[in-house]
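In case you want the letters, here they are:
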Amino acid sequence: MIVLGIESSCDETAAALVNEKKEILGEALLSQEEHKVFGGVVPEIAARSHLDHIDNILEQCFAKTNLSLADIDAIAASSGPGLIGGVVVGVMTAKALSIALNKPFIAVNHLEGHALAARISNEVTFPYLLLLVSGGHCQILVVKDVDKYERLGTTIDDAVGEAFDKVAKMLGLGYPGGPAVEKLAATGDENRFTLPRPLIGSQDCNLSFSGLKTAVRKIVETYASDGEIAHADIPKHDLADICACFQYTATDCLCRKLKRAITYFKEKYPKGKNLVVSGGVASNTYLRTKLQKLADDNDLVFAAPPIRFCTDNGVMIAWAGLERFRKGYTSELDFKPRPRWPLDSEAPKAAGAGGVKA
Ligand code: KG4
Ligand code: ZN
């Protein structure tokens, strides 16, 4: 069984071919550079760029293989949530291939792509506890099975990746901010500034990063002269300290709420063995190290996708498509791309697979 996966929901145009043995048979990815000057992704530019590059990415994906379109069994596309112009490009490409080849189309929830990515390279069995942290989402979930999720907590404002990006922007570190903040934080003093931990005392698994971001802004403003912040005036070691304190506090908030989630998970799902992290922020080594310790302390096995499969990519969409396909969850061709699509809501499946028509 070979599934072609297409990703175009944000600023990566990507495609991959994956088989049941978890072999990546082909892969191509383009990270759009056009957004850097704006300090964030511009939806209209992203959509046009996906349209310009998708054919070439598909060609590249097949180029180093001896496979042709005739060899694939199904076509999966990231079908939401995401920037709708880009999502439409990927979904329409997948539907066109599905019609031309007479092979099933599979609408993959982008978040399910992240959620299942750790199963490609690690022995991760259902149910598992998942921290999903990306530029647009920050959730704690139990992954009960393919298509079956229990959401334990979510951010009530900014996603943690978004907070990394906004802090980076305030400090003049460019976009995407996460890797730049992590790099500087490695040389900083994480105890220099005490930053707020919103919602940390609440008796649930919800998170909030907006206040933390504002507190960083207030520190940055102390360097302003005449109301203007000149990033060049912030000494490098101060930049590093701010990054370290932000990263430490954001990670601490995640770990504390995860600790609460672990207690619930172990009680309700005693067979569950894994703590998994995924999404772009899961590439952060500092966070991975803290989560490893949290898992060890709680007799769970920590698993994370290799760093290149944490940020958006085609492999995770092909893999999620394959996991859905082998359960019989294909989609109708009238499936409408979804700008919003919570993981714990009903997913689109073909009527024959016991699901609902989207
Ligand atoms: O999953 P992803 O590629 O796209 C979304 O679906 O949102 O995640 C991108 C996010 C960005 O906010 C980026 O700054 C963050 O992941 N990110 C990181 C790191 N690498 C990427 N955040 C913290 N540390 C990193 N090393
Ligand atoms: Zn993503």
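One can find the structure itself at the top, above this paragraph.
What counts as what
- Residues numbered from 1 in each chain as written.
- Chains lettered and ligands numbered in written order.
- Predicted model: local features only at pLDDT ≥ 70, side-chain atom pairs only at ≥ 80, totals over all residues.
- Heavy atoms only, no water.
- Donors = N, O, S within 2.8 Å, 3.2 Å for Na, K, Ca; no water.
- Tetrahedral: all angles 85-135°; square planar, octahedral: opposite > 155°, others 65-115°.
- Helix = DSSP H or I, 4+ residues; strand = E, 2+ residues; numbered from the N terminus.
- Buried < 20%, exposed > 50% of the residue type's maximum accessible area, 1.4 Å probe, protein only.
- Near = heavy atom within 4 Å.
- Polar contact = N/O pair within 3.5 Å; in protein donor to acceptor, adjacent residues only side chain to side chain.
- Areas by Shrake-Rupley, 256 points an atom, 1.4 Å probe, with all protein chains shown as cover.
- Nonpolar A, V, L, I, M, F, W, Y, C, P; charged D, E, K, R; others polar.
- Core = buried A, V, L, I, M, F, W, Y, C linked by side-chain atoms within 4.5 Å.
- Contact = heavy atoms within 4.5 Å.
- Pairing = 2+ DSSP bridges.
- Axes fitted to C-alpha atoms, helices over the stretch in contact; angles between N-to-C directions.
- Left-handed = near helix turned anticlockwise from the far one by under 90°.

Protein-derived coordination of the zinc ion (ligand 2) comes from His-110 (NE2), His-114 (NE2) and Asp-312 (OD), at a distance range of 2.0 to 2.1 Å. Around the zinc ion (ligand 2) sit four donor atoms; with metal-centred angles ranging over 95 to 140°, the donor geometry is irregular. Donor residues for the zinc ion (ligand 2) sit on one chain with the sequence pattern H-x3-H-x197-D. Taken together, the residues span a long stretch of sequence, with His-110 in helix 3 (residues 110-121) and Asp-312 in the loop between strand 10 (301-303) and helix 9 (314-325) at a distance of 202 residues. Here His-110 and Asp-312 have matching classes, each one buried.

Moving on, we get to the site of ligand 1. Taken together, 20 residues surround ligand 1, and among them Gly-135, Asp-165, Glu-182, Gly-280 and Asp-312 come closest. His-114 places a polar side-chain atom, nitrogen or oxygen, 3.1 Å from an oxygen atom of ligand 1. Measuring from a nitrogen atom of ligand 1, one finds a side-chain N or O atom of Glu-182 at 2.7 Å. Across the complex, the protein chains shield 91% of the 550 Å² of accessible surface that ligand 1 would expose by itself. When residues of the shell around ligand 1 are traced back to their parent elements, those giving at least two are helix 3, helix 4 (160-170) and helix 5 (177-185). Sort the elements by how many residues they give to the shell around ligand 1 and helix 5 lands first, with four residues. Broken down by class, the residue content of the shell around ligand 1 amounts to five nonpolar, 12 polar and three charged.

The next subject is the nonpolar core. Soluble globular proteins tend to pack their nonpolar side chains together in the buried interior. Counting 56 residues, the largest nonpolar core has Leu-129, Phe-209 and Phe-246 as its most contacted members. No other element matches the 15 residues that helix 7 (residues 236-268) contributes to this core. Each residue touching Phe-246, except ones within four places of it in the same chain, is listed here: Ala-163, Phe-164, Val-167, Val-181, Leu-195, Leu-212 and Val-216. Listed in part, the 31 residues of the second largest apolar core include Leu-116, Val-124, Tyr-149 and Leu-343.

A few words on the pairing of strand 2 (residues 12-19). Two faces make up the sheet, and in a regular strand the side chains alternate between them. When you tally the buried positions in strand 2, you get eight out of eight residues, the bulk of the element. Sheet topology note: the strand 1 (residues 2-7)/strand 2 ladder contains six bridges and is antiparallel. By the bridge assignment, Glu-7 is partnered in strand 2 with Ala-14. Once strand 1 ends, the chain turns through four residues before running back antiparallel as strand 2.

Next up on the list: the sheet that holds strand 8 (residues 148-154). One open sheet holds the five strands; their spatial order is 8-7-6-9-10, and the pairing between them is mixed. The outermost strands of the open sheet, each flanked by one partner alone, are strand 8 and strand 10. Here the strands of the sheet are splayed against their neighbours by 25° on average, with no regard to which way each runs. Across three bridges, strand 9 (residues 274-278) lies against strand 10 in parallel orientation. Considered in strand 10, the bridge of Leu-275 is made with Phe-302. Against the sheet, helix 7 contacts strand 6 (128-133), strand 7 (138-145), strand 8 and strand 9, and its axis sits at roughly 155° relative to strand 6.

Our focus in this paragraph is the packing of helix 1 (residues 43-63) against helix 2 (residues 84-101). Between helix 1 and helix 2, the least distance of the axes is 8 Å, while the angle of their chain directions is 35°. Pair helix 1 / helix 2 crosses with right-handed handedness. Taken together, the residues of helix 2 that come into contact with helix 1 (itself represented by Ala-47, His-50, Leu-51, Ile-54 and Leu-58) are Gly-85, Gly-86, Val-89, Thr-93 and Leu-97. Classifying every residue of the contact of helix 1 with helix 2 by side-chain character gives six nonpolar, four polar and no charged.

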